[in-house]
Amino acid sequence: MSHKGPSGGGTGNPGALKQINLDQIWGDLHEGIEQVYSRQYMPKPRYIVLYTHVYNYCTSVHQQISSRSSSSNTSKNKKGQVGGGAQLVGLELYKRLREFLRNYLQKLLKDGVDLMDEDVLQFYTRQWEEYQFSSKVLHGVCSYLNRHWVRRECEEGCKGIYEIYQLALVTWRDNLFKQLNKQVTNAVLKLIERERSGETINTRLVSGVINCYVELGLNEEDPSARGPNLSVYKESFENVFLEDTERFYTRESTDFLAQNPVTEYMKKAEQRLVEEQRRVQVYLHKTTLERLGKTLERVLIEKHLEIFHSEFQHLLDADKNLDIGRMYTLVARIPDGLGELRNLLESHIANQGLAAIDKCAEVALNDPKVYVSTILEVHKKYNALVLISFNNDSGFVAALDKACGRFINANAVTRLANSSSKSPELLAKYCDLLLKKSSKNPEEAELEDTLNQVMVVFKYIEDKDVFQKFYSKMLAKRLVQHMSASDDAEASMISKLKQACGFEYTSKLQRMFQDIGVSKDLNEQFRKHLVNSNEPLDIDFSIQVLSSGSWPFQQSFTFQLPSELVRSVQRFTTFYSGQHSGRKLNWLYNMSKGELLTNCFKNRYTLQASTFQMAVLLQFNVSTSWTVAQLQENTQIKPDFLVQVLQILLKAKLLTSDDDESDLQNNSVVSLFTGYKNKKLRVNINIPMKTELKLEQETTHKHIEEDRKLLIQAAIVRIMKMRKVLKHQQLVAEVLNQLAPRFKPRVHVIKKCIDILIEKEYLERTEGQKDTYSYLA
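Reading the values: rules and limits
- Residues numbered from 1 in each chain as written.
- Predicted model: local features only at pLDDT ≥ 70, side-chain atom pairs only at ≥ 80, totals over all residues.
- Heavy atoms only, no water.
- Pairing = 2+ DSSP bridges.
- Helix = DSSP H or I, 4+ residues; strand = E, 2+ residues; numbered from the N terminus.
- Axes fitted to C-alpha atoms, helices over the stretch in contact; angles between N-to-C directions.
- Contact = heavy atoms within 4.5 Å.
- Buried < 20%, exposed > 50% of the residue type's maximum accessible area, 1.4 Å probe, protein only.
- Expected span 1.5 Å × (residues − 1).
- Parallel < 35°, antiparallel > 145°, perpendicular 65-115°, else oblique.
- Left-handed = near helix turned anticlockwise from the far one by under 90°.

J.: Any chance you could break down the sheet that holds strand E8 (residues 763-765) for me, citing the residues and the numbers?
T.: Strands sit in the order E7-E9-E8 across an open sheet of three strands; the sheet is antiparallel. Of all strands in the sheet, those with a lone pairing partner are strand E7 (725-727) and E8, marking the two edges. The average angle at which neighbouring strand axes cross in this sheet is 30 degrees, direction not considered. Note that E7 and strand E9 (residues 772-775) share three bridges and pair antiparallel. The residue of E9 that forms the bridge with Val 725 is Ser 774. Against the sheet, helix H28 (residues 747-759) touches E8 and E9, its axis set at about 100 degrees to E8.

Take a look at the structure:
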């Protein structure tokens, strides 16, 4: 098989198809291509003629070679070209097209090589757009060459062969771009800097250059791969652009901060970030956005973080919430940039809380409403700040929680009381004020809202067991004395506590409600029993039977029950024993109360009195004067309690004594004051006694300590049962962790509990190992 030289013509063969010589078509083809690149109008028939030239040339040679090469092997020759006329002619046509493009661009270069700034941009973008369009037309004319010859060359691994449009791009890159790119890029950067300085620019000049740089990023390894790879754009423009951006904003930010406050700088930085984002959208490639954003964040924010931190404290002090929000938004862009702001916020809230409680500490110590309201004001203020300015960011929510925990559990009030558990006690008392009947009880909806706020404070209380103890005592009194403002509100509060701490925390509180319900039924049954037995009581008598394990009441001391009440108590005891064999009733006289009708005064009064007050006053049915010693003997009330009962009755002006009420002796005479007057006909004289209150406070705290020891011991046994062997430090850490939701155990108490369990033979010290315990099954 023979082929001709560079002209691409084949040797004569009588039996072959007619061959088309490249020179035969090149003249007309060349003229057509020049017409395309000079942007002259080309009618469709003319375009078809050019396409047909390329098609006929390629196919005529291909057919002849195909017919002749059927009996021969193809052989490799130099430069990896595959032997055969089709390939050779394809290469020649390809070379001539390449040469045309090279010559065209070299002429073009002479016109642009001396241009600068906007002139070079005008020239470059206009020429590029026209060249790009013309090259797409040429690509269409040569589409048969692309589909067959170029494709086969690429498949067989030939380097430097491209489809015609890509060839046009490569030629532009090598002949025009490489010579002009520095001055073009510099001109673009100058234009961008002018826009940054407030001038209006022709953005089409920039976007034209950018589009060109993007289009020139060819995949050299795989010419058939679709789409640019951005290598030219990144190397020739993006890297330089980012360096220029860093220089510009480093200078601007330093100068601006030197002359303006930080608050104004933050507005400026925000504005610049928006501008640069828009810049990418308008005329840069979208992939630049991420790198540009990081550069701006580093220069505008990260480099000035220390200034931001010191300003943040001033903004907090001045309550400039808008500026705080702006700073958060900016600093949030920096990885791990918010840590210091969180710490500063936490310290600030804790200090504000402590300062607020300091101002009202002496009043708040004995006024739960003042104490809780002060805490809630601080929380409300900073909760709103976290919600709005910090977008409820979990890190800042945690900072608020930590700060509130700090100032609620240790403050001026807890120091004055010398007790870390004063906060839960005051919170429980505040709940009592809300839920107890009074003339100031709020509406249901308002009460529910207030209870929700109470739960906010409750969340931060460390000693939740202290709150539970005081709350259950106060709830018990409200239920027994029928002093609850609303059963729904009581149930709602218990439900909230159950949600916060679990079923176990509220199980006793719920059983109290059940007992009150059962007692109502029991009273009804007792009344029916009395009617059926035809032995009605001469007094109105009702009881409440409380299960001893659920109610926080202590059994009262024994005393001589007034004879008027003895029959009623005995009748009920007999009735109850008949209903429930094996159950024993313990009467809580200190929690009982009744009403006395007076017949000895000018007006007829109804006195609401405690059982002890009734016992004393009923003595004056027998005689109008008694000594303290005689009253003590008749009533069997403890002397110190009796004195307090008498002091209340003397203060109420029901009794009189020649001795001072604060200095009553055994021989002091107490008489009924027949001239007693009161505007009200129903008078409540049932006032809690100081000794009783003090004793109750002491026993509550004593019970808390005892309960805690049991809880600690239970936790230790649970942990050791699971772990079998554990070191001291690990055991203490796990106990602290397990009991944290209820209270914060002191380490020395945990040590004591470990010793108690060793004595009880639940644990033993492991032989040969220091500070290690083993579980004894």
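J.: Quick rundown of the sheet that holds strand E3 (residues 625-627)? Include the residues and the values.
T.: Ordered by their spatial adjacency, three strands build an open sheet running E3-E5-E4, and the pairing between neighbours is antiparallel. The open sheet terminates on both sides in strands that have one partner only, identified here as E3 and strand E4 (655-657). Between one strand and the next, the sheet's axes are offset by a mean angle of 30 degrees, whatever the strand orientation. Both E3 and strand E5 (residues 669-672) contribute to a ladder of three bridges, which runs antiparallel. Bridging across to E5, Trp 626 finds its partner in Val 670. Packing against the sheet, helix H25 (residues 639-651) makes contact with E4 and E5, and its axis sits at approximately 105 degrees to E4.

J.: Quick rundown of helix H12 (residues 321-331)? Include the residues and the values.
T.: In terms of residue burial, H12 counts as a mostly covered element, since eight of its 11 residues are buried. Elements that come into contact with the buried residues of H12 comprise helix H9 (262-283), helix H10 (288-301), helix H11 (305-317), helix H13 (339-364), helix H14 (368-388) and helix H15 (394-409).

J.: Can you break down H11 residue by residue, with the values?
T.: A rise of 1.5 Å per residue sets the reference length of H11, with its 13 residues, at 18 Å; its end C-alpha atoms lie 19 Å apart and thus fit the reference within 8%. Residues of H11 that are buried include every one of Leu 305, Phe 308, His 309, Glu 311, Phe 312, Leu 315 and Leu 316, and no others. Here the buried face of H11 lies against H9, H10, H12, H13 and H14. Immediately downstream of H11, the backbone of Asp 319 shows phi near 55 degrees, a positive value.

J.: Run through the packing of helix H24 (residues 628-635) against H25, naming residues and quoting values.
T.: Running from amino to carboxyl end, H24 crosses H25 at an angle of 115 degrees, the nearest separation of the two axes being 10 Å. In terms of their interaxial angle, H24 and H25 are classed as roughly perpendicular. H24 and H25 meet at a crossing whose hand is right-handed. Contact with H24, carried on its side by Val 628, Leu 631, Gln 632 and Thr 635, involves Pro 639, Leu 642 and Leu 646 of H25 and no other residues of that element.

J.: A description of the environment of Ile 201 should follow, citing residues and the corresponding values.
T.: Its place among the elements puts Ile 201 in the loop between helix H6 (164-196) and helix H7 (203-215). For the pair Ile 201 and Leu 191, spaced 10 residues apart in sequence, the C-alpha to C-alpha distance is 6.9 Å.

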